[in-house]
Amino acid sequence: MRLFRAAALSAVATLSLLASGCGSTDDPAPGTSATPGAKGPKVVASTSWVGGLAKAAGAADITVVAPANVQHPPDYDPKPSDLAAVAGADYILYAEFDGFAAKLKDAAGGSGKLVPVQLENTPGKITSEVTRLAGLFGTADAATAWNSTFTTEYAKLSAQAKSALPSPAPTAVSHLFMAYWAEFAGITVAGTYGPQPVSPSQLADLTAKKPALVLANAHLPGANPDIPGATRVDIVNYPGSDLDLLGVFKTNTERLTAALKP
């Protein structure tokens, strides 16, 4: 088994880059929230978003492969040193759209359990994924407590964003992966764009809708159109190195309320 894992890691090191245009030019070590001697399963998460769900579910020993400071984590190109932790993990969590998911699977070598995670920053999806992961980790009590806190805080933050709405409420165009944040803030989406680049005809169509806001994907800054008269709001989906999913909601609430000020 050791020889098998070593061979898998060696093969990973020679794989070509799947997508690197959004990655950092730095060479940071993989982020981690691991506590020495922490009880519970050892978890490797592909990105901070995945790691945030693991933390919410009650995991304490978490290593994140794509550092939280890269611009678009799914496009990160892991180094062999990033993947070393995979061989010793109990669970390897990843999103299907992570460009390096295949490398995680190869590095696992059959020892850790590979678990795909569905990523969507909506209350229903978050709480269901947290509950599901807690069932794997054996941390149901921690997940139940977190879900309760999250549900309460989500309602407060959503109400805060909605209270900043002028009358009549503005309309927006949104990156496809950020459109559900409009519901969070009580904003109507008149049109969406992405994930493909915006074509000239699509830009003309979006501009004709005369939106007040553009809900931009902060992780793909070059993919968002500039629309005359519209205020751009850079929305985030990935938490920082603290893996705090609630922090994502707090950040977006601040950005939305600031954009809605007269």
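Reading the values: the criteria
- Residues numbered from 1 in each chain as written.
- Predicted model: local features only at pLDDT ≥ 70, side-chain atom pairs only at ≥ 80, totals over all residues.
- Heavy atoms only, no water.
- Pairing = 2+ DSSP bridges.
- Helix = DSSP H or I, 4+ residues; strand = E, 2+ residues; numbered from the N terminus.
- Axes fitted to C-alpha atoms, helices over the stretch in contact; angles between N-to-C directions.
- Contact = heavy atoms within 4.5 Å.
- Expected span 1.5 Å × (residues − 1).
- Buried < 20%, exposed > 50% of the residue type's maximum accessible area, 1.4 Å probe, protein only.
- Polar contact = N/O pair within 3.5 Å; in protein donor to acceptor, adjacent residues only side chain to side chain.

Undergrad: Got a minute to help me understand the sheet that holds strand β2 (residues 61–64) in this structure?
TA: Paired through their backbone hydrogen bonds, the strands of a sheet run either parallel or antiparallel. Ordered in space as β2-β1-β3-β4, the four strands form an open sheet in which the pairing is parallel. If you trace the sheet from one side to the other, it starts and ends with β2 and β4 (113–116), each paired once. Direction aside, the axes of adjacent strands within the sheet are offset by 25° on average. Bridging between strand β3 (residues 91–94) and β4 involves four bridges; their strand directions are parallel. Within the sheet, the bridge partner assigned to Ile 92 lies in β4 and is Leu 114. Lying over the sheet, helix α4 (residues 101–108) contacts β3 and β4, oriented at roughly 170° with respect to β3. Here helix α5 (residues 123–137) sits on the sheet and contacts β1 (42–45), β3 and β4; the angle it forms with β4, its principal contact strand, is near 170°.

Undergrad: Looking at this structure, how should I read helix α9 (residues 245–260)?
TA: Taking 1.5 Å per residue, 16 residues should reach 22 Å; α9 reaches 23 Å between its end C-alpha atoms and fits that length. All buried positions along α9 are accounted for by Leu 245, Leu 246, Gly 247, Val 248, Phe 249, Asn 252, Thr 253, Leu 256, Thr 257 and Leu 260. On the buried face of α9, the contacting elements are α2 (48–56), α5, α6 (140–163), α7 (180–185), β7 (213–217) and β8 (231–235). Two or three places before Leu 246, at the opening of α9, Asp 244 has a side-chain oxygen 3.1 Å from that residue's backbone nitrogen.

Undergrad: Hey, could you run me through the sheet that holds strand β6 (residues 188–193) in this one?
TA: Strand order in the open sheet formed by four strands is β6-β5-β7-β8, and the pairing between neighbours is parallel. Of all strands in the sheet, those bounded by a partner on one side alone are β6 and β8. For this sheet, the mean angle separating the axes of adjacent strands, direction not counted, is 25°. Bridge count for strand β5 (residues 171–175) against β6 is five bridges, and the pairing is parallel. Across the sheet, residue Val 173 finds its bridge partner in β6, namely Gly 191. Most of the contacts of helix α8 (residues 200–208) go to β6, to which it runs at about 170°, and overall it touches β5 and β6. Contacting β7 and β8, α9 runs over the sheet at an angle of about 175° to β8.

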